[in-house]
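Summary of the model geometry
As a plain string of letters, each chain reads:
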Amino acid sequence: MPDESAQRPRLILIDGHALAYRAFHALSESQLATSTGELTGGIFGFVQMLLVVLREHTPDYIAVTWDAGLSGRREEFAEYKTNRVSMPSDLGRQIGRIREVLDAFRIRSLEVPGYEADDLIGTLALRASEDGFETLIVTGDSDTFQLVGPHVRILTTRGRFSETIIYDEGALHARFGLAPAQLIDFKALKGDTSDNVPGVPGVGDKTATALLQKHHTIEGILAHLDEVKPPKVRENIGAQREQLLVNKKLITIQCDVPLDVPWDELRYVQYDNERVTELFRELEFRSLLTRLPDRTAGAPVHASQPGLFEAETPDGVEGPTTGDYMLVNTPKALRELGKQLKSAPVISFDTETTSIDAMRADLVGLALSTAEGAGVYIPIYHHDADTIDVDDVVAAIGPALADPAIPKVAHNANYDLMVLWNHGFDVQGELFDTMIGAWLLDPSRQAYGLKDMAWNRLGVEMTNIEELIGKGKDQRTMAEVHPERVTAYAGADVDMTLRLSHLQEKELHEKALWDLFRDVEMPLTPILTRMEQAGILLDVDYLMEMSREFHVRLQALEAEIYDLAGYPFNIGSTKQLASILFDQLGLPPQKRTSTGYSTDISVLEALRGQHPIIDKLVEHRQLAKLKSTYIDALPLLVNPRTGRVHTDFNQNGSATGRISSSNPNLQNIPIRTEEGRRIRRAFIAPPDHVLLTADYSQIELRILASMSQEPTLLESFERGEDIHARTAALLFNIPIDQVTSAQRRIAKTTNFGIIYGISGFGLAARTDLTNEEAREFIQNYFAKLPHVAALQEEFKKDARRDGYVNTLLGRRRYFPALKSGARITLAERQRLEREAINAPVQGTAADIVKIAMIRLAKALREHKLVGRMLLQVHDELVLEVPKAELEETIAVVCDAMENAFALKVPLKVDVAVGENWSEVEDIRTGG
């Protein structure tokens, strides 16, 4: 027998305000924003849900309802919804954008002055049932559960707006044990804090459910009040008799709103694809494009602007063409291309390879462009296709790539430079990396993919690589794709990269970021690439022996932990460990997660001293992490060709400008513990060489002194005093020669903490001070060093006024939520303000380190020294230096770093050497 509901027309009704509020608050922490600073979290969540509804529930009719009043409810109860704060201004702006999107989807927005959105939904749902429709209500408001019926269902979200659930009569009964209509009485009894509807004291979910299961309605409860138990609940219900009946009226959705809209006006028709695409581009919602219903993905857009490589094959050049992008796969065509490149005004380049690991990737092909709308692809390593030997490509194309007079453009140039260098190419000339350009312009984005940028900034939808090589278990390498197919893809890559460079150059000038980009970031890119290429030697035998030792230690610890627990268990199981700690041993739980009590390291640290098992667990956790993260993992990352470990330096790895390290992360090896220092012992120098480290001494404090022009700090640094002892003397009001080590330690913690906007609670957690003592200590610090306090207030003021703060070199860190006045929690506001305080100082330090690296690389070349930089770890550089050149190299390093940037106080560098990285740490001076 056919399903009757499947044959009925489907109406979808969306509660606009309820869904927008839910999306806004669910995604507020993510701070989703466009490159122009427009916050879009609420819009993204709403549109994401809309697309789910359109794609999975295929409406015949659809409408979105909006609040335009309270449907007379405040006349019934003056306190109704008076607890609601006014709508955050940022949400109001986002709702305006949501309405724009709905218009583009040709979805009708409905509102009736004086009425709430769910009353419009109730009216339409009732009418739809009478007219033979199937209705799905999409909302974040549980009030609408009362509308569920044989042909009315509710779709709502839970969690962080990532999961949906549909309620019909059966699902509601399973959850509440009540019929839909009884949910009115249920809420009336227990109250609704969101709408300021008062409940009966002592009546919660269980009591309300039990009463309604027995008496069905509030009226039934009141009619049998003498049967209600316990007596206190009976007494409270009797006292609330009149309010309960008012509550029920307030909660009941009105289904008689004067809303005369013909069904034909709500019929869902094909959306305006052009307008939707334009809006998604403005809002930078490229990830939602593929979720549009009944949408055929467009082919890659080919530009028509002529360039050096014309769409038609030039005389003497053979080979098929693909749109405006040409395949060069014959020696004759290659020679002609080489000639043309010698006079190119610019060269945009991109490689196609077999691996995302540049040190291990084979070069499949090379794409080049010299003008917008044009590009060529040279196949080098494709299966079953005509290709050109890499040596021939180097001979023909290499001179132009190596010409320092021809500017070069790439997206994620670090990767392509590495691949090209490893295959015999030399790339010289002023560099423009569009990924770094995008990061400087918008440093808070999560990703800087070329496809997203081309779509967001140029309105061009490019082919995703998965369309060529597949994904998952069916994925193949680019070498298995025919060159003719790759030509369009690779040609678009270099073409769009070149277009983006022109757009970004203009914006970098407008935002006063061009000098930072041209003089710091771009010269640094090839230096980081050379450092990655160099790698660092690893003593694998030493780590293997250390692994065996740690295995024995962990087994011994496990035996002790089992003895203290009383029986063996899975130490890695949060559930089992929580049961032992909080149920069996009776320790106080510290925090709860969605799956139970947490046993993370912060919880264990908080429980120290309360039971002997805690110290053992902490030690086990630390040793196991070191073993898995470094001791066992590092040997597996040694490149078999070089015998070295090659980390990836991420130039755009942080919003503050700091370089980060990954695969492996060599910046986070702990050095405050003996075990962490032992891991650094595995990084060694080759024979007749040493490792040299050069570390800026207190660079962030020197920057703080310079930016604030705090006389005490300036004077102390000029004198070369112990800045922490001087600060302690000032704050404890004693002579500097009487400062104790404990007082200096507190002053040091405060000095560095102030840079990060430390609170009294944070200082207390890092010292032996109480919360009150720490708060007073910070107040005293600012009283004695008022210029520092004034500087930090200025940073916060800049963030609120402009939406960003600057480093001394003009690097920007954006804080759109502080400028927009978005509704955020106090804790979130304080966190953002701490970041605004820190960003100019930490960012300036990052800028100075980068300038030092550029100066040092140049100085090593000019002095013809063999020594080379291997690692950058925050304020420290690690070099590999021949012993015969050590003295001269130290002088060059100190000169390059200490004169990298002129502050109002001198920069100081501590230098140390050793056979391995741990020995270097052991003999470092300064602090």
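Treat the numbers as computed from the prediction; the structure is a model and nothing was measured.

Another aspect to go through is the overall build of the protein chain. Within the protein chain, the secondary structure is distributed over 38 helices and 26 strands. Each principal axis of the C-alpha distribution contributes one length, and for the protein chain these read about 100 × 85 × 60 Å. Across the protein chain, contacts joining residues at least 24 apart in sequence account for 68% of those joining residues at least 6 apart.

Look at helix H19 (residues 450-458) against helix H21 (residues 483-510): their axes get within 10 Å of each other, and the N-to-C directions meet at 55 degrees. If you check the angle between H19 and H21, you find them oblique. In this structure, the crossing between H19 and H21 has a hand that is left-handed. The segment H19 lies against H21, with Leu 450, Lys 451, Met 453, Ala 454, Arg 457 and Leu 458 engaging Tyr 489, Asp 493, Met 496, Thr 497, Arg 499, Leu 500, Leu 503, Gln 504 and Glu 507.

As a further point, take the pattern of salt bridges. When the charged atoms of two side chains lie near each other, side chains of opposite charge can form a pair. Per the stated rule, a full pass over the model turns up 64 salt bridges. The residue Glu 675 makes a salt bridge to Arg 553 at a minimum N-O spacing of 3.2 Å. Of this pair, Glu 675 sits in helix H27 (residues 674-680) while Arg 553 sits in helix H23 (residues 540-565); the two residues are 122 residues apart in sequence, bridging distant segments of the chain. Salt bridges linked by common partners bring Glu 38, Arg 97, Glu 100, Arg 275, Glu 278 and Glu 282 together as one network.

The four strands are arranged E24-E25-E21-E26 in an open sheet whose pairing can be described as antiparallel. With partners counted over all chains shown, the strands left at the sheet margins are strand E24 (868-873) and strand E26 (909-914), one partner each. The sheet shows a mean angle of 20 degrees between the axes of neighbouring strands, taken without regard to direction. Across the sheet, helix H36 (residues 826-862) is in contact with strand E21 (689-696), E24 and strand E25 (876-882); its angle to E24 comes to roughly 170 degrees.

Another aspect to go through is a positive patch on the surface. Together, Lys 332, Arg 335, Lys 339 and Lys 342 give the surface a local cluster of positive charge. Mapped onto the elements of the fold, Lys 342 is located in the loop between helix H15 (331-341) and strand E9 (347-353). A relative accessible area of 59% places Lys 342 in the exposed class.

Time to look at the packing of aromatic side chains. Summed over the entire model, instances satisfying the criterion amount to 19 aromatic pairs. Both rings, one in Phe 280 and one in Phe 285, keep their centres 6.1 Å apart while their planes meet at 65 degrees; by these two values the pair is edge-to-face. Note on Phe 280: relative accessible area 0%, which makes it buried. The buried category is assigned to Phe 285, whose relative accessible area is 2%.

In terms of residue burial, strand E10 (residues 363-369) counts as a mostly covered element, since seven of its seven residues are buried. Bridging between E9 and E10 involves six bridges; their strand directions are antiparallel. By the bridge assignment, Ser 348 is partnered in E10 with Ser 369. With four bridges joining them, E10 and strand E11 (residues 375-379) adopt antiparallel strand pairing.

Turning next to unusual backbone geometry. Cis geometry marks the peptide bond from Lys 229 to Pro 230; its omega dihedral reads 0 degrees. Backbone torsion omega between Asn 663 and Pro 664 reads 0 degrees, so that peptide bond is classified as cis. Relative to the elements of secondary structure, Pro 664 occurs in the loop between strand E19 (660-662) and H27. Backbone geometry at Asn 663 places phi at a positive 55 degrees, although glycine is not the residue there. Mapped onto the secondary structure, Asn 663 falls in the loop between E19 and H27.

Judged by how many residues are buried, helix H28 (residues 699-708) sits mostly within the fold: ten of ten residues are covered. Buried residues of H28: Ile 699, Glu 700, Leu 701, Arg 702, Ile 703, Leu 704, Ala 705, Ser 706, Met 707 and Ser 708, and no others. Elements that come into contact with the buried residues of H28 comprise E21, helix H29 (711-719), helix H30 (723-732), helix H31 (741-755), helix H34 (786-802) and H36. Following H28 by one or two positions, Gln 709 has its phi on the positive side, about 55 degrees.

Read across the open sheet, the three strands follow the order E17-E14-E20; overall the sheet is antiparallel. Edge positions in the sheet fall to strand E17 (644-645) and strand E20 (683-684), since each of these pairs with one other strand and no more. Across two bridges, strand E14 (residues 536-538) lies against E17 in antiparallel orientation. Paired with Ile 536 across the bridge in E17 is Val 645.

Time to look at the environment of Asp 103. Examined against the element boundaries, Asp 103 turns out to sit in helix H5 (residues 89-104). On a C-alpha basis, the gap between Asp 103 and Asp 141 in space is 24 Å, while along the polypeptide they are 38 residues apart.

Here the focus is the environment of Leu 604. Tracing the backbone shows Leu 604 in helix H25 (residues 601-606). A relative accessible area of 0% means that Leu 604 is categorised as buried. Between the alpha carbons of Leu 604 and Leu 617 there is a distance of 7.7 Å; along the sequence they are 13 residues apart. Apart from the residues lying within four places of it in its own chain, the contact partners of Leu 604 are Leu 581, Thr 599, Ile 614, Leu 617, Val 618 and Arg 621.

Taken as a whole and judged by the stated rule, the model has four cavities of 30 Å³ or more. Computed from the structure, the second largest cavity encloses a volume of approximately 70 Å³. If you tally residues by element for the lining of the second largest cavity, the top one is H36, at five residues.

A few words now on helix H26 (residues 612-631). Over its 20 residues, H26 runs 27 Å from end to end, which matches the ideal 28 Å to within 8%, given 1.5 Å per residue. The inward-facing, buried residues of H26 contact H23, helix H24 (574-584), H25 and H27.

Where H15 meets helix H16 (residues 390-402), the closest approach of the two axes is 7 Å, and the angle between their N-to-C directions is 15 degrees. By the angle between their axes, H15 is roughly parallel relative to H16. Every pair of crossing elements has a handedness; the one defined by H15 and H16 is left-handed. From H15, Leu 334, Leu 337, Gly 338 and Leu 341 reach across to H16, where they touch Asp 392, Val 393, Ala 396, Ile 397 and Ala 400. Split into classes, the residues belonging to the contact of H15 with H16 amount to seven nonpolar, one polar and one charged.

The rules behind the values
- Residues numbered from 1 in each chain as written.
- Predicted model: local features only at pLDDT ≥ 70, side-chain atom pairs only at ≥ 80, totals over all residues.
- Heavy atoms only, no water.
- Helix = DSSP H or I, 4+ residues; strand = E, 2+ residues; numbered from the N terminus.
- Contact = heavy atoms within 4.5 Å.
- Axes fitted to C-alpha atoms, helices over the stretch in contact; angles between N-to-C directions.
- Parallel < 35°, antiparallel > 145°, perpendicular 65-115°, else oblique.
- Left-handed = near helix turned anticlockwise from the far one by under 90°.
- Salt bridge = Lys/Arg side-chain N within 4 Å of Asp/Glu carboxyl O.
- Pairing = 2+ DSSP bridges.
- Patch = residues over 30% accessible without salt bridge, like charges linked within 9 Å, V, L, I, M, F, W, Y side chains within 5 Å.
- Areas by Shrake-Rupley, 256 points an atom, 1.4 Å probe, with all protein chains shown as cover.
- Lys, Arg positive; Asp, Glu negative; His and termini not counted.
- Charge placed at Lys NZ, Arg CZ, Asp CG, Glu CD.
- Buried < 20%, exposed > 50% of the residue type's maximum accessible area, 1.4 Å probe, protein only.
- Phe/Tyr/Trp six-rings, centres within 6.5 Å; stacked < 30°, edge-to-face > 60°.
- 1 Å grid on protein atoms, 1.4 Å probe; cavity = no way out; pocket = protein on both sides within 12 Å on 5 of 7 lines; lining within 4 Å.
- Points joined across faces, edges and corners; volume = space filled by probe spheres on them.
- Expected span 1.5 Å × (residues − 1).
- Nonpolar A, V, L, I, M, F, W, Y, C, P; charged D, E, K, R; others polar.

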